[in-house]
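# Notes for the structure review
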Amino acid sequence: MEIKEASIQDFDLIWPIFHEVAKAGETYAFRTDTSKEEALNIWVKTPRKTYIALDEGEVIGTYYLKTNHAGPGDHVCNCGYMVAASASGKGVATAMCKHSQTMAKELGYKAMQFNFVASTNEGAIRLWHKLGYDTVGRLPNAFNHPKRGFVDALVMYKWL
């Protein structure tokens, strides 16, 4: 697997993954009908950096890295990760998270925060804990899961 920085031109390869994840509505607080143009802005144009994970030239995952808050909080970054369903369980999220921590340090960040992790996203929560993130907050009933209704959202944090 290779992880490399993505460009706007790579978005056509990212879009199927973004669309699949957003449409499911189970892990991100994006509208399930997010347009391709809106997704391009969310995933590539707004973040500081966007990366893609490739397996034999095929994009199997993607993540963005951005400053979580400006001013006195600008030493904390935020990342979002998406993996193609066809690559689930193959270590792509682990590789991307480890890569993102390295890139965050290189960009001068001191910590990483995940702002809104659906409590039903048990695989991600297990992985984040394994990689040293702490659950530092719980937002009761903040995420409206399409199958399970209102569930908690977690705030997770790691000092890098």
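Presented here is a report on the structure given in the accompanying data block. (Residues numbered from 1 in each chain as written. Predicted model: local features only at pLDDT ≥ 70, side-chain atom pairs only at ≥ 80, totals over all residues. Heavy atoms only, no water.)

### Considering the overall build of the protein
Along the protein, the regular secondary structure elements total four helices and seven strands. In the protein, the succession of α and β elements from N to C terminus is β-α-α-β-β-β-α-β-α-β-β. Expected size for 160 residues packed as a compact globule is a radius of gyration near 15 Å; at 15 Å, the protein falls within 12% of this value. Overall, the C-alpha framework of the protein stretches about 40 × 40 × 30 Å when taken along its three principal axes. Looking at the protein as a whole, 46% of its 160 residues are labelled buried. Long-range contacts, defined here as pairs at least 24 residues apart, represent 60% of the contacts in the protein between residues at least 6 apart. Of the roughly 8,300 Å² of accessible surface on the protein, 50% is carried by carbon and sulfur atoms. Averaging the positions of the 18 positive and the 17 negative side-chain charges in the protein gives two centres separated by 5 Å. (Helix = DSSP H or I, 4+ residues; strand = E, 2+ residues; numbered from the N terminus. Rg over C-alpha atoms; globule rule 2.2 N^0.38 Å. Buried < 20%, exposed > 50% of the residue type's maximum accessible area, 1.4 Å probe, protein only. Contact = heavy atoms within 4.5 Å. Areas by Shrake-Rupley, 256 points an atom, 1.4 Å probe, with all protein chains shown as cover. Lys, Arg positive; Asp, Glu negative; His and termini not counted. Charge placed at Lys NZ, Arg CZ, Asp CG, Glu CD.)

### A word on the sheet that holds strand 6 (residues 134–145)
Here seven strands make up an open sheet; going across it, the order is 1-2-3-4-5-7-6 and the pairing mixed. Each edge of the sheet is formed by a strand with only one pairing partner; in this case those strands are strand 1 (2–5) and strand 6. Neighbour-to-neighbour, the strand axes of the sheet open up by a mean angle of 25 degrees, direction not taken into account. For strand 4 (residues 76–83) and strand 5 (residues 111–118), the ladder comprises two bridges, and the chain directions are parallel. Within strand 5, the residue paired with Cys-77 across the bridge is Met-112. (Pairing = 2+ DSSP bridges. Axes fitted to C-alpha atoms, helices over the stretch in contact; angles between N-to-C directions.)

### Focus on helix 1 (residues 11–24)
Its 14 residues give helix 1 an end-to-end C-alpha distance of 19 Å, which sits within 8% of 20 Å, the value for a rise of 1.5 Å per residue. Looking only at helix 1, the buried set comprises Phe-11, Ile-14, Trp-15, Ile-17, Phe-18, Val-21 and Ala-22. Buried positions along helix 1 lie against helix 2 (36–45), strand 2 (49–55), strand 3 (58–67) and strand 4. Immediately beyond the C-terminal end of helix 1, within one or two residues, lies Gly-25, with a positive phi of roughly 70 degrees. (Expected span 1.5 Å × (residues − 1).)

### Some thoughts on the side chain of Gln-113
Counting through the fold element by element, Gln-113 comes out in strand 5. Among the polar contacts made by the side chain of Gln-113, one reaches the side chain of Asn-115 at a distance of 2.8 Å. When sequence neighbours within four positions are dropped, the list of residues in contact with Gln-113 reads Asn-68, Val-76, Cys-77, Asn-78, Cys-79, Val-155, Met-156 and Tyr-157. (Polar contact = N/O pair within 3.5 Å; in protein donor to acceptor, adjacent residues only side chain to side chain.)

### With respect to the packing of helix 1 against helix 2
Contact geometry for helix 1 and helix 2: axes closest at 10 Å, N-to-C directions at 100 degrees. One element, helix 1, and the other, helix 2, form an angle in the roughly perpendicular class. Residue-level contacts link Phe-11, Asp-12, Ile-14, Trp-15 and Phe-18 of helix 1 to Lys-36, Ala-39, Leu-40, Ile-42, Trp-43 and Val-44 of helix 2. Along the lines of polarity and charge, the residues of the contact of helix 1 with helix 2 split into nine nonpolar, no polar and two charged. (Parallel < 35°, antiparallel > 145°, perpendicular 65-115°, else oblique. Nonpolar A, V, L, I, M, F, W, Y, C, P; charged D, E, K, R; others polar.)

### Some details on the state of the cysteines
As enumerated under the stated definition, the model contains zero disulfides in all. With no disulfide of its own, Cys-97 lies 7.3 Å from the sulfur of Cys-79, the closest cysteine sulfur. The class for Cys-97 is buried, based on a relative accessible area of 0%. (Disulfide = S-S within 2.5 Å.)

### Some details on unusual backbone geometry
Although it is not a glycine, Glu-56 sits at a positive phi angle of roughly 50 degrees. Along the chain, Glu-56 falls in the loop between strand 2 and strand 3. With relative accessibility at 81%, the residue Glu-56 sits in the exposed group. Of note in this structure, Asn-141 is not a glycine but carries a positive phi near 55 degrees. One can find Asn-141 in strand 6. Its relative accessible area of 46% is what places Asn-141 among the partly exposed residues.

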